[in-house]
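What the coordinates show
Letter by letter, the chains look like this.
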Amino acid sequence: MNRDLLLETEKLARSWAQHEAAWLRDYLVAGVEDPRLNLQSILSRHFLIHALAQERFGLLMQHEYRFAAALDWLLCVARLGGDAEGRSATLHALRRRSDNAEGLEIPQFVSQTFADLPAEASGCTVPNYLETFLANEDSAEGQSQSIDEVLNTFSVTWNRVLGTHFPTTGPKRVRLAAEAEEGMPAGSHERPPVLSLLEPACGSANDYRFLERFGIARLFEYTGFDLCEKNIENARTLYPGVRFDTGNVFEIPASPETFDLCIIHDLLEHLSPAGLEQAIREVCRVTRRAICIGFFQMDEIPEHLVRPAEDYHWNLLSLPRMRDLFASQGFTAQAVHIGTFLLRQTGCPKTHNPNAYTLFLQRATGGHN
Ligand SMILES: C[S@@+](CC[C@H](N)C(=O)[O-])C[C@H]1O[C@@H](n2cnc3c(N)ncnc32)[C@H](O)[C@@H]1O
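Residues numbered from 1 in each chain as written. Predicted model: local features only at pLDDT ≥ 70, side-chain atom pairs only at ≥ 80, totals over all residues. Heavy atoms only, no water.

**Quick look at the sheet that holds strand β7 (residues 243-246)**
Test applied: If DSSP finds at least two bridges between two strands, the strands pair. In DSSP terms, a helix is any run of H or I states spanning at least four residues, a strand is any run of E spanning at least two, and both are numbered starting from the N terminus. Every axis in this analysis is a line fitted to C-alpha atoms, fitted for helices over the stretch in contact. Angles between the N-to-C directions lie between 0 and 180 degrees. By definition in these notes, contact holds between two residues if any of their heavy atoms fall within 4.5 Å.
As summarised here, the arrangement of the seven strands in space is β7-β6-β5-β8-β9-β15-β14, forming an open sheet in which the pairing is mixed. Each edge of the sheet is formed by a strand with only one pairing partner; in this case those strands are β7 and β14 (331-337). The sheet shows a mean angle of 15 degrees between the axes of neighbouring strands, direction not considered. Where helix α3 (residues 39-53) meets the sheet, its contacts fall on β5 (195-200), β6 (220-226), β8 (259-265), β9 (287-295), β14 and β15 (357-363), and the angle it forms with β8 comes to roughly 170 degrees. Its contacts with the sheet put helix α12 (residues 229-238) on β6 and β7, and the angle it makes with β7 is roughly 165 degrees.

**Details of the packing of aromatic side chains**
Basically, it comes down to this: Centre distance within 6.5 Å is the pairing criterion for rings of Phe, Tyr and Trp, where only the six-membered ring of Trp is used; planes under 30 degrees apart are then read as stacked, over 60 as edge-to-face, and the remainder as tilted. Only protein chains enter the area calculation, which uses a 1.4 Å probe; residues under 20% of their type maximum are buried, those over 50% are exposed, and those in between are partly exposed.
Enumeration over the complete set of coordinates arrives at 13 aromatic pairs. Centre to centre, the rings of Phe 57 and Trp 158 are 5.6 Å apart; their planes meet at 90 degrees, and the pair counts as edge-to-face. Of the two residues, Phe 57 is situated in the loop between α3 and α4 (58-77) and Trp 158 in helix α9 (residues 153-165); the sequence distance between them amounts to 101 residues. Looking at Phe 57, the relative accessible area reads 4%, which means it is buried. Pairing Phe 67 with Tyr 129 gives two aromatic rings, centres 4.8 Å apart and planes at 85 degrees, and the pair type is edge-to-face. In this pair, Phe 67 is assigned in helix α4 and Tyr 129 in helix α7 (residues 129-135), connecting sequence segments 62 residues apart.

**Re the pattern of salt bridges**
The condition that has to hold: Salt bridge, as used here: a side-chain nitrogen of Lys or Arg that lies within 4 Å of a carboxyl oxygen of Asp or Glu.
A full pass over the atoms with the stated rule returns 13 salt bridges. Among the salt bridges present, the one from Arg 36 reaches Asp 148, with a minimum N-O distance of 3.2 Å. Taken together, the positions of Arg 36 in the loop between α2 (21-26) and α3 and Asp 148 in helix α8 (residues 145-151) put the pair 112 residues apart, joining distant regions of the chain. Here Arg 36 falls in the buried class, since its relative accessible area comes to 6%. Asp 148 sits in the partly exposed class, given a relative accessible area of 29%. In this structure, a network of salt bridges that share partners links the residues Asp 34, Arg 36 and Asp 148.

**Structural notes on the side chain of Glu 269**
Test applied: All tallies of charge rest on Lys and Arg as positive and Asp and Glu as negative; His and the ends of each chain are not included. Between N or O atoms, a polar contact is any pair within 3.5 Å; within protein, one atom must be a potential hydrogen donor and the other a potential acceptor, and residues adjacent in sequence are included only when both atoms are from side chains.
Relative to the helices and strands, Glu 269 is located in the loop between β8 and α13 (273-286). Arg 307 provides the closest opposite charge to the buried, unpaired Glu 269, separated from it by 8.8 Å. Engagement of the side chain of Glu 269 in a polar contact is seen with the backbone nitrogen of Gln 297, the distance being 2.9 Å. Contacts of Glu 269, omitting those with residues within four sequence positions, involve Phe 295, Phe 296, Gln 297, His 313, Trp 314, Asn 315 and Leu 317.

**A look at the confidence of the model for the protein chain**
Selection rule: Confidence scores labelled pLDDT are given residue by residue by the predictor and lie between 0 and 100.
On average, residues of the protein chain carry a pLDDT of 90, and 90% of them reach 70 or more. In this model, residues 171-192 is a region of pLDDT below 50 whose contacts with residues beyond four sequence positions or in other chains number 40 contacts.

**So, the packing of α4 against helix α6 (residues 108-116)**
Worth spelling out the cut-off: An angle below 35 degrees is read as roughly parallel, one above 145 as roughly antiparallel, one from 65 to 115 as roughly perpendicular, and any other as oblique. Working rule for handedness: look at the near helix, and if it is turned counterclockwise from the far one by less than a right angle, call the crossing left-handed; if clockwise, right-handed. Under the scheme applied here, ten amino acids are nonpolar (Ala, Val, Leu, Ile, Met, Phe, Trp, Tyr, Cys and Pro), four are charged (Asp, Glu, Lys and Arg), and all others, including Gly, are polar.
One way to put it is that α4 packs onto α6 with a least axis distance of 10 Å and a crossing angle of 125 degrees. In terms of axis orientation, α4 runs oblique to α6. Handedness of the α4/α6 crossing: left-handed. Where α4 approaches α6, its residues Arg 66, Ala 69, Ala 70 and Trp 73 are matched on the opposing element by Phe 109, Val 110, Gln 112, Thr 113 and Asp 116. Its residues placed into classes, the contact of α4 with α6 shows five nonpolar, two polar and two charged.

**So, the packing of α3 against helix α15 (residues 338-346)**
Interaxial distance between α3 and α15 falls to 11 Å at its minimum, and their mutual angle equals 80 degrees. One finds that α3 runs roughly perpendicular with respect to α15. Two secondary-structure elements touch here, α3 through Leu 39, Gln 40 and Leu 43 and α15 through Ile 338, Phe 341 and Leu 342. Classifying every residue of the contact of α3 with α15 gives five nonpolar, one polar and no charged.

**With respect to unusual backbone geometry**
Leu 117 connects to Pro 118 through a cis peptide bond whose omega is -5 degrees. Among the structural elements, Pro 118 can be located in the loop between α6 and β3 (119-121). Unlike most non-glycine residues, Asp 266 shows phi in positive territory, near 55 degrees. Within the element layout of this structure, Asp 266 appears in the loop between β8 and α13. Using a relative accessible area of 27% as the deciding quantity, one classes Asp 266 as partly exposed. Not every positive phi belongs to a glycine, and Glu 310 is a case in point at roughly 55 degrees. If you trace the backbone, Glu 310 turns up in the loop between β11 (308-309) and β12 (312-313).

**So, the nonpolar core**
We apply this condition: We call a set of buried Ala, Val, Leu, Ile, Met, Phe, Trp, Tyr and Cys residues a nonpolar core when their side-chain atoms join them within 4.5 Å. Boundaries of every domain are those given by an automatic assignment or by a domain database.
In terms of nonpolar packing, the biggest core is built from 80 residues, with Leu 71, Trp 158 and Phe 244 touching the most fellow members. Here this core takes 12 residues from α4, the largest share from any one element. Residues from two domains meet in this core; each of domain 1 (3-34 + 41-52 + 170-363) and domain 2 (64-158) gives at least three. Not counting residues within four places of it along the chain, the set of residues in contact with Trp 158 comprises His 46, Ile 49, Phe 57, Leu 60, Met 61, Glu 64, Gly 163 and Phe 214. Leu 5, Phe 225, Ile 280 and Leu 319 belong to the second largest nonpolar core, which has 37 residues in total.

Right under this line is the structure:
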């Protein structure tokens, strides 16, 4: 690594190490960042499920997008989490198909979701979680246990369907659904039956926690790393048997194409332009098949807007520049603008972050697919 990247590494490590371990553990898994509701976390989980099961669970995935949009409206926009009266009025209005609950305007996408539940999808029943949420009479502030149970609707559902589809307990016995569909006996495919997964900048197992809870983690051989030791200590405390390492995305200690898949959230905007290029070179070098990256600051602008902020960066990244960078490393990008995706999938016209994008990257060269 050259001197500039070494210096940048020191600064990046310092900027995250200044925080308390408990804060690092909790700050990215609550509110709009809650990976049960955050669309980018959901898309990463779907990316992994899709790698195993292709289109099989498409309908259930669509229900999960609608769930995220509707719960986000109830909790973060209408703030009904601690408002038992508001919940009761909203339930009453939804049952009457009214678009107004004592002055609170109910958006069309929420009414439509209510009307469509319960629903059959991908071999399971999606319950009327809106009814359960709104019928809850608990008036405690914040998220009571019953609200948490509603938030867990899809972790219960995915555990059930993945448990049925991939009933073995360890990743060693998982085979690709494609093999099964082709009628091939388990293990007869040339590819290794276990998909390995890398997560750079895994934080305190922020997204990994939900891979576990949703029954996805057991289907992969997971490795997470982060530059911040406090994060890795948190992650190891939470999941002692899982591989979490202290590591630097500028220099990943792995041979080329070691990992089948890679997921990343909210890292690349924090790097200098040279750091960004090096990180992408490294991630592409060690990934054999496909990458899913969540960005919180991207736009369809010709050049990156580089914004140093104390010891790190808070850049607005250019989508065309990012496509070029990945193309130079042999990966083609499918870009998803989160606000547009939300509108198309759920009818919800508002997004918390108009600059959020997720990129799905597929290795285009090398003949490994
Ligand atoms: C905004 S947080 C995102 C954490 C997690 N991916 C999430 O979305 O919840 C950025 C993370 O990147 C890590 N990080 C920063 N520079 C890094 C580097 N060069 N290599 C590995 N991790 C790094 C930080 O320690 C921090 O945990």
